[in-house]
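# Summary of structural features
Listed below, chain by chain, are the residues.
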Amino acid sequence: MELEFIESFVKNSYILDMKAIELAKAYDPKTFETRIYTAWKEQGAFKPESAKCDGKPYVITIPPPNVTGVLHLGHGLNNSLQDIIVRYHRMRGVPTLWVPGTDHAGIATQNVVERKLKEQGKSRHELGRDKFLDETWKVKNEHHAIIVEQLARIGASVDWDRERFTLDEGLAHAVREVFVTLYERDLLYKGNYLVNWCTSCSTALSDDEVEHEDMSGRMYHLRYYHTEEDGFIELATTRPETLLGDTAVAVHPEDERYANLIGKSVKLPLAGREIPVVCDTYVDRAFGTGVVKITPAHDPNDWEVAQRHDLPVLNILNPDGTLNSEVPEKYRGLTVKKARAAVLEDLKAGGWYIKEEPINHAVGHCYRCRTIIEPFLSKQWFVRMQPLAEKALACWRNGEIIFYPRKWEHTYRHWLENIRDWCVSRQLWWGHRIPAWDCADCGKISVSRSDISACSHCGSVNIEQDPDVLDTWFSSWLWPFSTLGWGSGIGDQGSGIREGGEVSPLASKPSAFSLPPSAGDTPATPPSSTPSPQSPVPGPRSPVPDLDRFYPTTALITAYDIIFFWVARMIMAGLEFTGKAPFRDIYIHGLVRDKQGRKMSKSLGNGLDPLELVDEFGGDALKFTLAFMCAQGQDVLVDRESFKMGSRFANKVWNASRYILMNLEGRELVNNPDLLPVDKWIYSRLNNAAQAMKDAFLSYRYNDAALTAYEYFWNDFCDWYVEATKLSMKTGEDSAVNAAEKNRATTVLLDVLAESLRLLHPLLPFVTEEIYSKLPNTEGLLITAPYPEFDERRNSSDEIRHFAFLREFVRLIRTLRAECTITQDKKLRVLVRLDGEQEQVLKQNEGLVKLLAGIGELEITADAANGRPPGSIGMAGSGFEVFVFIAEAVDITALKRKFEKDLDRDRAYIRSLQTKLANDQFVKNAPPELVAAEKTKLEEGLARTGKIESYLRDL
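Only a predicted model underlies this, so the values are computations on that prediction, with no experimental measurement involved.

## What to know about the overall build of the protein chain
Within the protein chain, the secondary structure is distributed over 27 helices and 30 strands. Oriented by its inertia axes, the alpha-carbon framework of the protein chain measures out at about 110 × 70 × 55 Å. A total of 955 residues make up the protein chain; the buried ones form 54% of that total. Nonlocal contacts in the protein chain, meaning residues at least 24 apart in sequence, comprise 79% of its contacts between residues at least 6 apart. Of the roughly 40,600 Å² that the protein chain leaves accessible, carbon and sulfur atoms contribute 50%.

## Structural notes on the environment of L782
With respect to the helices and strands, the residue L782 is situated in the loop between α21 (765–772) and α22 (797–819). The spacing of L782 and A581 is 201 residues in sequence and 33 Å in space, taken between C-alpha atoms.

## Points about the packing of helix α2 (residues 73–91) against helix α18 (residues 677–698)
Two elements in contact, α2 and α18, have axes whose closest approach is 11 Å; the angle formed by their N-to-C orientations is 125°. Put simply, α2 runs oblique to α18. Where α2 crosses over α18, the two elements pack in a sense that is left-handed. Counting all contacts with α2, which are made through I84, I85, Y88 and H89, the residues of α18 involved are K694, F697 and L698. Tallied by class, residues from the contact of α2 with α18 come to five nonpolar, one polar and one charged.

## Looking at the pattern of salt bridges
Under the criterion given, the structure shown has 62 salt bridges. For the salt bridge of R239 with E374, the shortest nitrogen-to-oxygen distance reads 2.8 Å. Placement of R239 in the loop between β8 (232–237) and β9 (248–251) and of E374 in strand β14 (residues 374–383) is noted, with a sequence separation of 135 residues between them. With relative accessibility at 10%, the residue E374 sits in the buried group. With a shortest N-O distance of 2.4 Å, R829 and E888 are connected by a salt bridge. Within this pair, whereas R829 is found in strand β27 (residues 828–833), its partner E888 is found in the loop between β30 (881–884) and α25 (892–917), the two being separated by 59 residues in sequence. On the accessibility criterion, E888 (47% relative accessible area) is partly exposed. In the salt-bridge network here, residues are joined through shared partners; they are K47, E49, D159, D161, R162 and D546.

## Notes on the sheet that holds strand β29 (residues 873–876)
Within the open sheet, the four strands sit side by side as β28-β27-β30-β29. Their pairing is mixed. In this open sheet, the two strands that pair with only one neighbour each are β28 (855–861) and β29. Direction aside, neighbouring strands of the sheet carry axes that sit 20° apart on average. Both β27 and β28 contribute to a ladder of six bridges, which runs parallel. If you follow V832 over to β28, its bridge partner there is I860.

## Side note on the pairing of β30
With four bridges connecting them, β27 and β30 associate as antiparallel partners. In the sheet register, V832 faces β30, and the bridge partner there is V882. Sheet topology note: the β29/β30 ladder contains four bridges and is antiparallel. Bridged to A876 within β30 is E881. Counting the residues between successive antiparallel strands, the hairpin from β29 to β30 contains four residues, one of them, G879, with a positive phi of roughly 90°.

## What to know about the sheet that holds β14
Taken in spatial order, the four strands make up an open sheet running β6-β5-β14-β16, and their pairing is antiparallel. Among the strands making up the open sheet, the edge pair consists of β6 (203–205) and β16 (422–423). Here β14 runs beside β16; their pairing, made up of two bridges, is antiparallel. Residue pairing across strands places F382 opposite C423, the latter belonging to β16.

## Concerning the confidence of the model for the protein chain
Across the protein chain, the average pLDDT comes to 87, with 91% of residues at or above 70. Averaged over each element, pLDDT in the protein chain is lowest for strand β22 (residues 495–496) (52) and highest for α21 (98). Low pLDDT, under 50, characterises residues 8–13; the predicted model gives this stretch 14 contacts beyond four residues in sequence or across chains. Within the model, pLDDT remains below 50 along residues 497–535, and this stretch shows 106 contacts once partners closer than five positions in the same chain are excluded.

Conventions and cut-offs
Residues numbered from 1 in each chain as written. Predicted model: local features only at pLDDT ≥ 70, side-chain atom pairs only at ≥ 80, totals over all residues. Heavy atoms only, no water. Helix = DSSP H or I, 4+ residues; strand = E, 2+ residues; numbered from the N terminus. Buried < 20%, exposed > 50% of the residue type's maximum accessible area, 1.4 Å probe, protein only. Contact = heavy atoms within 4.5 Å. Areas by Shrake-Rupley, 256 points an atom, 1.4 Å probe, with all protein chains shown as cover. Axes fitted to C-alpha atoms, helices over the stretch in contact; angles between N-to-C directions. Parallel < 35°, antiparallel > 145°, perpendicular 65-115°, else oblique. Left-handed = near helix turned anticlockwise from the far one by under 90°. Nonpolar A, V, L, I, M, F, W, Y, C, P; charged D, E, K, R; others polar. Salt bridge = Lys/Arg side-chain N within 4 Å of Asp/Glu carboxyl O. Pairing = 2+ DSSP bridges. pLDDT = per-residue confidence, 0-100.

Put into structure tokens, the structure is as follows:
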């Protein structure tokens, strides 16, 4: 016996007189999934310390879900993919760490609490900051418990002892350290800038937090009358209320139509102010009238024009979105919507209105509450991104990070090459409060790693901490190293002092554009254009074991919708503060959508709750289905019915194992069993499946891994090997020879089953663990058992070739049996013509093929001279011919009628396909994949009719 084939040795020399092991008749994951998860957790199976060796660790930090919500199916996909790859590497024996955690989600969480207060007739301002934060922590704790339960239900094998929260004490120290360090390195500045403002959340947003969607609107054409001569110029706007903040109109310098107006002025409708006509290449001469109104405080492009021409900036909005005291009194206090209506009415009455026309245009919305964003002039904190982006680009170009699939590299590069400065201050209470203090006496800002009681510049105690908090993503971009302890010991290392207090931004590509210091502003430090120092910021003073052991992490698995928010920023932060990229592999998966390709949402009613799916189908069905459908570079299109596939596969694993275990009665496990050719074949198939699974997992091709597992277990193991072993298990004379063969076959079958369960475990963890624990030839937990590894000694090319022939032979007969609707219990008489090696293989395995194909009488001959035997249907294989004596098995007249009916149906189907493909409009306008699919259907239909026609000729 070749020992290299057998893996799960029985410790004793043999086990005598085994008893049947009863698995429940019906697969019911509810009866064991929770119990198994608890056992894994209690026995420390999720911890890296459970590893069999001390090699290079495999580490993932979970993309932290927002603590306010419950996990949706997108989370289900993301965490399933992480769990699969983590389980695979854990079984390879390396220390494996999956760090769990949640995000405090500043805007989202504050909105939840404010809505609850509103229902009680209260506001956060009435409650006060401290009490409001107390209420928010309560909400956090409630939702956190739900998220923990959800992750457990889907089988997430995270190390719960290392769980983190973006507002916990350790991360708070890390956030402060980064804020102060950025300030010291002149990578952080504060000033009056144009920002994206959400009037509902009453906070600034970064460019990446604004989601644009097409909306119907109106384009209003207006007259601006000349001040020095008769006449007017015509311009158009979608936001007529903003004209109250106009400080100029602009034309293109090469537009001859308006050359005589440059340097002159026009009178602003309703406000009566005179504003200049300036020339700027920003204006598109071919669009509209070629004249643009300039409203610097409420449009980013107008802001740039204003900076170039030294125009005044007039902010006409209050933070709540109403018009302020800079506009005529009748409009003050009106919302934007009401102000627009009032302004239009007055423009018409005063003769300034010309016409309006419907348009569709992209409008920015708050990514959280969907309120329309207003460009707004406000004092905010910004991070200079270009120096950080240069390092992140170099990291990618040097091959330190790898995207899967590679197409996302282009998105990453484009964003970094066109990056704008990041507005990091938020006008909220829930979050990391900005560690900066304004001095009322000297007017300077003190930035400190620890709370201070006096100005670091003049010593005055008349100071006040900045009331704002940092953007949620400011803590999230530190996640890969802050969760492992970086910065957690820092909190008393002094203040970050930079001369000048407020500083101006870099000249290159800011997202908020600087104003010259206004009266009362602190003088600005000259702009810095030097990239930040290459040396990383030191972490805690004393070594942090987790940071030293597990950083940098190995992989990031996330959806493509947060490449800008999170992925690129984490790389920038890792390089800046640790000197290393935070991970090597970046697997970007698609989004979960419904079968029509629509995003799942409450409004469409197409959302799927992952816990409801687990309740109905089980955690394994959820995980396997999502993996099976997750092809690289594509979204995952599912509905509730999709998860039946995963459930059927888990059920197949259960039933196959149940059949094996219930037939152990009286059997003995033996040492060194001999292997039949079919045994060597299944070990070869298992060996190749293990290699294919390894290749798929290491390149994050989840669908390929799932397909390999499915085809191996369902087709190779169940449909062929388990069926083949029935030849050895057939009841008969209870002789010593027969008993020995049954024991031999049982020993090999149990070994193959045990290794097959190890192969499947990352994709079906619960059901495989439950079955594995029942096997008489295994010990310990499956979750930490070794994953099957490819072994060249197991590859038996002869057996692979021989069984490819045998399977083709059996499939031909099974297919004909199905086409002729012959029941499985009807034994067939078969003649096969072949010679050489195939003849010998078939004779050696005659009993096996008769069992698998349902053959009663098999005649094997090399004589090909006699043609087709009467009463038979012939089929050609690769190097052989098969004749099934069909007349002995069915009513030939009835079979002819069936074939003729099938032929009529198929011919009609073929004609419809040919008509469709002959339509030039269809071929030209339909998606290429649809046209290709229709051509494939036609080819299959023609092949099917050709086969039926040959059957009829034979009959």
